[in-house]
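Summary of structural features
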Amino acid sequence: MAGGILRIIFTADDLARVRVAARADPMWEMVASLHRFQAGDGGAVIAGWRRRARARLAEAGLLRDVRRLLAPLAPRAAYFPDFLTPSEALLGTDEGIQAIIDTPRTRVQRELDLLRARHGLPAHLESLARDATAMRRVATVAAGYLQVALGEHWSEVERAVSQDRGTRVRHLADGGVEAMLTGLSPGMRWRAPVLEIDYPAGGRELRLRGRGLTLIPSYFCRTAPVTLADPSLPPVLVYPVPRKGVPGRARAGDALGELLGRTRAEVLRCVALAPGCSTTELARRAGVPASSASEHARVLRQAGLIASTRHANLMLHQVTESGDGLLRGAR
């Protein structure tokens, strides 16, 4: 793939409409993980996942269909069809799978034509645009792949994505959206009103024109950020996040639970897993009422184990160095 620069051009309205995806996107993770299968890259952690996932897919009888149906549609190359990564997937896996099935036939044909012209298309996939049964089969294999290949690893995906999202929220709270864009990664440079990105797929320009931009942190995206090929679709930027170890859950009888109390230890762990989380999100993650989460956060803050920042009407929490050290020591 030829290298180039992706230039995303913002207006003032676009800066007001930048958002970070609330959770990992299952369809983008599916495509990116298929790329890791084909490239054999990603380091030791991904290599271990790849071995386990291949074994599980073979045991479930899905490996052949993944190789015949999914991998050819998602080559590790400069282009793959946008219908594999619908925006509805940010609502959940079921919504993403249904969106693939519901893709208009004319769009499927157009994107398959592009894939054929750029990288080739196996004959057995030529019927996708005119055969609803064939498209449902692809969607069924995609759903099976997500469950079998990514299911046991999904908590790690969510943790890494949540940690990165917390970093973006902190940058937003401390310095605004331009500070958040500036801090994305060394390969991305904010030069108002343009975000420049080193882009292996070649040079291109994306004008947002008031539509805003959704940032999607991705666990399996490893090499460079990626965006949709069709500029008329809702703009997104998918970018790789660091994979870091996280503290384990407090258990009955463990030292941390005995020191802080089980609920407060769990609240601390939840802040570490989702840095930048609000009190409402913290309550949901810890399974306690919002008033209880607020009180536990207050005590942890006074103890120097977390720090909290007010942004508009939200209180956002992150673990401190002392809190992180306590969690890792307990683990």
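Report on the accompanying structure. (Residues numbered from 1 in each chain as written. Predicted model: local features only at pLDDT ≥ 70, side-chain atom pairs only at ≥ 80, totals over all residues. Heavy atoms only, no water.)

1. Things to note about the sheet that holds strand β8 (residues 277-278)
Formally: Paired strands, as defined in this entry, are two strands with at least two bridges between them according to DSSP. Put simply, DSSP H or I for four residues or longer makes a helix, DSSP E for two residues or longer makes a strand, and each gets a number counted from the N terminus. Two residues form a contact once any of their heavy atoms are found within 4.5 Å. Axes here refer to lines fitted to C-alpha atoms; in helices the fit is confined to the stretch in contact. Angles between the N-to-C directions go from 0 to 180 degrees.
Pairing within the open sheet is antiparallel, and its three strands lie in the order β8-β10-β9. Of all the strands in the sheet, the pair left with one neighbour each is β8 and β9 (306-311). Relative to strand β10 (residues 314-319), β8 runs antiparallel, the two sharing two bridges. Note on β10: the bridge partner recorded for S278 is L316. Helix α13 (residues 290-302) contacts β9 and β10 of the sheet and is inclined by roughly 120° relative to β9.

2. Some thoughts on the pattern of salt bridges
Convention followed: The term salt bridge refers to a pairing of a side-chain nitrogen on Lys or Arg with a carboxyl oxygen on Asp or Glu at a separation within 4 Å. Remark: exposure states derive from per-residue accessible area (1.4 Å probe, protein chains only) relative to the maximum for the residue type, with buried under 20%, exposed over 50%, and partly exposed in between.
Counting across every chain of the model gives 18 salt bridges. In this structure, R285 engages E281 in a salt bridge whose closest nitrogen and oxygen atoms are separated by 3.0 Å. Pair noted here: R285 and E281 are both in helix α12 (residues 279-286), with a separation of four residues, about one helical turn. When its relative accessible area of 34% is taken as the criterion, R285 is described as partly exposed. Residues joined by salt bridges that share partners form a network here, namely R189, R191, E196 and D198.

3. Considering the environment of Q147
Structurally, Q147 can be placed in helix α7 (residues 132-149). Among the residues examined, Q147 registers a relative accessible area of 62% and is labelled exposed. Distance from Q147 to L314, taken between C-alpha atoms, is 35 Å for residues 167 residues apart in sequence.

4. Side note on the packing of helix α2 (residues 26-39) against helix α3 (residues 43-59)
Keep this limit in mind: For this classification, under 35 degrees means roughly parallel, over 145 means roughly antiparallel, 65 to 115 means roughly perpendicular, and everything else is oblique. Under the grouping applied here, Gly and all other residues not named as nonpolar or charged are polar, the nonpolar ones being Ala, Val, Leu, Ile, Met, Phe, Trp, Tyr, Cys and Pro and the charged ones Asp, Glu, Lys and Arg.
One can describe the packing of α2 onto α3 by two numbers: an axis separation of 10 Å at closest approach and a directional angle of 95°. One element, α2, and the other, α3, form an angle in the roughly perpendicular class. Taken together, the residues of α3 that come into contact with α2 (itself represented by S33, R36 and F37) are I46, W49, R50, A53, R54 and L57. Residues belonging to the contact of α2 with α3 are distributed by class as follows: five nonpolar, one polar and three charged.

Such coordinate-based values are descriptive only and should not be taken to indicate function.
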